[in-house]
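Secondary and tertiary structure notes
Below are the chains, spelled out letter by letter.
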Amino acid sequence: MDDASIDLHRAARDAAYSMPLSEINPADPELFRTDTMWPYFERLRKEDPVHWAESGFDDVGGYWSVTKYNDIMAVDTNHEVFSSEPTIVLPDPKEDFTLPMFIAMDPPKHDVQRKTVQPIVAPHHLSYLEPIIRERAGAILDDLPIGETFNWVDKVSIELTTMTLATLFDFPWEDRRKLTRWSDVATASPDSGLFSSTDPEIAEQERRQELFECVDYFMNLWNERVNAPPQPDLISMLAHGEATRNMDRMEYLGNLILLIVGGNDTTRNTITGSVLALHQNPDQNRILRDNPALIPAMVSETIRWQTPLAYMRRTALQDYELGGKTIRKGDKLAMWYVSGNRDEEVIDRPNDYWIERPRVRQHLSFGFGIHRCVGNRLAELQLKIIWEEILKRFPRIEVVGQPRRVLSSFVKGYEDLPVVLPTRN
């Protein structure tokens, strides 16, 4: 970490511990863009682990921040009290633009829709995908320049995960980067730089227009698949599934966005996070290169360390006592996985990146309960394969500049990570 970054983090720590607790709003996306949210969560875990915050935004309002591991588990595994409807993010859906999706549904509808797509990540299908992912990972890595600076996010992380996602959808190969764009647009804020204006109304209009283009594109694919015999791809599964074949256009779009973001954003940000973590922890890099059998453990530790989705929202269906606070019926809560994964009372050496960590799979990044990430094994598989192929090819990956992070408190990710590969094995 350079001097400017050290000064930034010192200032963030001073600010986090000097401001009144009531003024702490951990959902401020600027904290995540600058990677300075850590002392705020540290203080909340110590002093106010179930914390009421006023966001300052009309579509968010006030909300509870749940910041400790065991409290998050208590919420995440109790869907009878804490509902995923109407959405999993803090901003409330616009009345004229709601996107139903099964992750933002409660049983029984959640269960039958999730079951429809689950075969795509069943063990037998992962066995089919593994050699395909490995061949593509090798081709991506073999095409990287030696001795030149490039953006790892774009050249590797996005490319591999978009290729995998296109395969899951049986999506036209030449248009696969549309999936990347739709994934980014779906979760972007007006200030993200993805739109022509930072004016919220203009940015929202542009976002909707692009998402309508997304659903129109997929409607054409739906119409092709529904009139053909069922196939083992996500669109065919949705088109032929008893619980999904009668979805309206907006529910189809909602589930598409869920599958695109879930299959793209999270894995790509963890791939990038692994490069950054190993750069920042050269001792762990040496341990990994000396013992490649630790790759699966490194993958799990990176998923904890990165926490690619920082939180999930729930809404209380009844009054409930949590951490000495009374959650009222109708209140919204943010389960801060990014904080629970650094909980000093549960995770040993929580701020260390430690690939030989005991119980390395003990993390919150995939969630728990009925909404546990359906694609968690596929995510781990892609990360395992890319690192097995990296170690075969490159003795070093040098990070040569600061990462540029996504302006979001929900997606904890990267737009740019400048790297150089000095040589090839």
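As shown above, the structure is provided for reference.
Definitions and limits used
- Residues numbered from 1 in each chain as written.
- Predicted model: local features only at pLDDT ≥ 70, side-chain atom pairs only at ≥ 80, totals over all residues.
- Heavy atoms only, no water.
- Phe/Tyr/Trp six-rings, centres within 6.5 Å; stacked < 30°, edge-to-face > 60°.
- Helix = DSSP H or I, 4+ residues; strand = E, 2+ residues; numbered from the N terminus.
- Buried < 20%, exposed > 50% of the residue type's maximum accessible area, 1.4 Å probe, protein only.
- Lys NZ or Arg CZ within 6 Å of the ring centre and 35° of its normal.
- Pairing = 2+ DSSP bridges.
- Contact = heavy atoms within 4.5 Å.
- Axes fitted to C-alpha atoms, helices over the stretch in contact; angles between N-to-C directions.

Another aspect to go through is the packing of aromatic side chains. Given two aromatic rings, their pairing is described by the distance between the two centres and the angle made by the two planes. Within the structure shown, the criterion is met by 18 aromatic pairs. On the numbers, 5.1 Å between centres and 65° between planes, the contact of F169 with F218 is edge-to-face. Remark: F218 occurs in helix α9 (residues 200-226) and F169 occurs in helix α7 (residues 152-169); sequence separation between them is 49 residues. Of the two residues examined, F169 and F218, each falls in the buried class. Centroid distance W182 to F218: 6.0 Å. Interplanar angle 55°. Geometry classified as tilted. Of this pair, W182 sits in helix α8 (residues 177-187) while F218 sits in helix α9, placing them 36 residues apart in sequence. Residue W182 is classed as buried on the basis of its relative accessible area of 5%. Within the aromatic cluster, the residues linked to one another by ring pairs are F32, F41, Y311, W336 and F410. Above the ring of F368, the side-chain terminus of R372 is found at 5.2 Å from the ring centroid.

Right, let's get into the sheet that holds strand β2 (residues 62-66). Strand order in this open sheet of five strands is β1-β2-β8-β5-β3, and the pairing throughout is mixed. Only two strands of the sheet have a single neighbouring strand rather than two, namely β1 (50-54) and β3 (82-83). Where strand β5 (residues 311-316) and strand β8 (residues 332-336) come together, five bridges link them in antiparallel fashion. Considered in β8, the bridge of M312 is made with M335. Of the strands in this sheet, β1, β2, β3, β5 and β8 are in contact with helix α4 (residues 69-76), which crosses β8 at around 130°.

Let's shift gears to unusual backbone geometry. Trans is the common state for peptide bonds, and a negative phi is the common state for residues other than glycine. In this structure, the amide linkage connecting E85 to the following residue, P86, adopts the cis form with an omega of 5°. For P86, the position within the fold is in the loop between β3 and α5 (109-117). For D35, which is not glycine, the phi dihedral falls at a positive 60°. Among the residues examined, D35 registers a relative accessible area of 14% and is labelled buried. Even without being a glycine, D170 presents a positive backbone phi close to 50°. Within the fold, D170 resides in the loop between α7 and α8.

As a further point, take the pairing of β5. For β5, the tally of buried residues reaches six of six residues, placing the bulk of the element in the interior. Alternating positions in β5 separate into two faces, Y311, R313 and T315 on one and M312, R314 and A316 on the other, with burial throughout. In this structure, β3 lies alongside β5, joined through two bridges in antiparallel fashion. From the neighbouring strand, S83 faces β5, where its bridge partner is T315.

Moving on, we come to the side chain of R405. Of note, R405 is situated in strand β10 (residues 404-405). You can call R405 buried: its relative accessible area is 16%. Non-local contacts of R405, meaning those with residues more than four positions away in its chain, are made with F32, R33, D35, L276, G413, Y414 and E415.

Another aspect to go through is the sheet that holds strand β9 (residues 398-399). Within the open sheet, the three strands sit side by side as β4-β12-β9. Their pairing is antiparallel. Each of the sheet's edge strands pairs with one partner strand only, and the pair in question is β4 (150-151) and β9. Two elements, β4 and strand β12 (residues 418-420), share two bridges in a ladder whose sense is antiparallel. By the bridge assignment, F150 is partnered in β12 with V419.

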